[in-house]
Structures are given as structure tokens and as C-alpha cells.
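Chain by chain, the residues:
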Amino acid sequence: MLKINYHGHACFGLSSGKYEILIDPFINGNPLARVKAEELNPTHILVTHGHGDHLGDTLEIAKRTDALVIAPNELAKYCGMKGVKNHPMHIGGSYRFDFGRVKLTPAWHGSAVINDNEIIYTGTPCGFVVEIDGKYVYHAGDTGLFSDMKLISAAFSLDCALLPIGDNFVMGPEDAVLAAEMLQAKITVPMHYNTFPVIKQDPQKFIELLEKKGLKGKVLEPEEYLEL
Ligand code: NI
Ligand code: MN
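Calculation criteria
Residues numbered from 1 in each chain as written. Chains lettered and ligands numbered in written order. Predicted model: local features only at pLDDT ≥ 70, side-chain atom pairs only at ≥ 80, totals over all residues. Heavy atoms only, no water. Axes fitted to C-alpha atoms, helices over the stretch in contact; angles between N-to-C directions. Helix = DSSP H or I, 4+ residues; strand = E, 2+ residues; numbered from the N terminus. Parallel < 35°, antiparallel > 145°, perpendicular 65-115°, else oblique. Left-handed = near helix turned anticlockwise from the far one by under 90°. Contact = heavy atoms within 4.5 Å. Nonpolar A, V, L, I, M, F, W, Y, C, P; charged D, E, K, R; others polar. Buried < 20%, exposed > 50% of the residue type's maximum accessible area, 1.4 Å probe, protein only. Polar contact = N/O pair within 3.5 Å; in protein donor to acceptor, adjacent residues only side chain to side chain. Pairing = 2+ DSSP bridges.

Engineer: What's the story with the packing of helix 5 (residues 173-183) against helix 6 (residues 203-212) in this structure? I'm lost.
Structural biologist: At a closest axis distance of 10 Å, the pairing of helix 5 and helix 6 adopts a crossing angle of 40°. Considering their axes alone, helix 5 and helix 6 lie oblique with respect to each other. Along this stretch, helix 5 crosses helix 6, giving a crossing that reads as right-handed. Mapping the contact onto sequence places Pro 173, Ala 176, Val 177 and Ala 180 in helix 5 and Phe 206, Leu 209 and Leu 210 in helix 6. Here the contact of helix 5 with helix 6 is composed, by residue class, of 7 nonpolar, no polar and no charged.

Engineer: Teacher, can you tell me more about the side chain of His 139 here?
Structural biologist: By the secondary structure assignment, His 139 is in strand 12 (residues 135-139). Judged by its relative accessible area of 0%, His 139 is buried. Separated by 3.1 Å, the side chain of His 139 and the backbone nitrogen of Gly 141 make a polar contact.

Engineer: I'm lost on the sheet that holds strand 12 in this one. Help?
Structural biologist: Whether parallel or antiparallel, the strands of a sheet pair through hydrogen bonds between backbone atoms. On the basis of which strands lie adjacent, the open sheet formed by 6 strands has the order 7-8-11-12-13-14 and mixed pairing. Looking at the sheet topology across the chains shown, the edges are occupied by strand 7 (94-96) and strand 14 (187-191). Averaged over all neighbouring strand pairs, the angle between strand axes comes to 15°, with direction disregarded. Alignment of strand 12 against strand 13 (residues 160-164), held across 3 bridges, turns out to be parallel. Within strand 13, the position partnered with Val 137 by the bridge is Cys 160.

Spelled out as C-alpha cells, the structure:
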């Protein structure tokens, strides 16, 4: 059984028992998080892009747990320069790891590590299709709507889609419903909302919009989980 644990914002844990995959671990800076980064013990960390609300606590967690960081090439190399084990990939590519397969999908967004006085660009952002425990989970990353999402559902029968709904930086709820219609996942979970005032949304309204289209959705509160 695959457990999908929501840690808030765009951070999810996919756990199959033996393996613990953590995606976009922005924990200690997230005002809505209910765990501490120190409490998470992933075997692998998937990072969609370099922005602080996604790269988050990746370096600290990877150093402590020796987790393998899987990310777009430039971002993976950045993590390598900071001393963590990494596996660079890029959009359109897939690779079979010990836990299952990962494919990088496009995301319309930016990617940079932004420090006090400098911006370090870290290539192109991505989304992930993760195959684990016989299930297919799509994490869209930060992105606007794009019609090539149809190609994702043509290639994979998705069990779960994790879609941003926060608007401003990413899709808003209406666009996310159009995305969900293209993806046709068995269940859609909203993410990337309410963490900051500028991305405030009512996730239940998003679920109602999905249901009007005959799609199933579920809101997860931080530390709530779903079993597939
Ligand atoms: Ni971003
Ligand atoms: Mn973001």
C-alpha cells in the first residue's frame, strides 16, 4: 500500500514501507507545517526547482539522512556542490531507481536559489511522475496550465495528481480543474495554497469544481494522508 502524506505547501511524502520519498521539503520555514524537518527520514528527496519554498530543507535533511537528491541537472549539481548525494535528470527523461521509476515532466515556471545578495539560476523547473508500489503519482511542481498535460495521461494511468491551486505564481483553481480534466487521475489533491497571504484559496471550492466535472478530489490538511 502506498501512503501519501501531506506535509504542507508542495511537500509530500510517498511511503511504500521500505522507501520514503520526500518531494519539495519546505518544512521549517512553512508557518503551516506541523512537523520539523529534523523528524523526517527520507531515503530519496525529489526537488522540482530551486525556489526556497521547494528546495526548502533539502540540503539539511539529505546531509543528515544520506538521502539521494533527484532533481533537474543544474539543481542536482548545485546540491552536489553543497555536499549531498544527487542524481541529475532532465525533462522527458525517466530512470528506474530501487524504489521505482521517476519521469521528469515540464513545468512553466522559473528556478533559482535566491540568497540575500544573489540569484543563482538552477535551470528549468520540472514536475514528476513517480511510479512506486505499482501506483503512479504526478506532482506538477510549480506551473501554469499547459496542454501537454494530455501527454502525461496518454503515457500513464495516474492514480493521484498533486496540483497547485494558489494562483499568482502558479495555476489558480479554475486552471487546475482544466489540468485535472486533462490528467484524469483517480484522485486529485490540491497544493501550494494558503501558506502565504498572496496564495490564499478555498480548497473545498476547488473540490466542488472538480466534482462538477465528474472528477474526484480530496483536501489534505498538513500531516493528513491518503492511502492508495
Ligand atoms: Ni516556485
Ligand atoms: Mn512555489
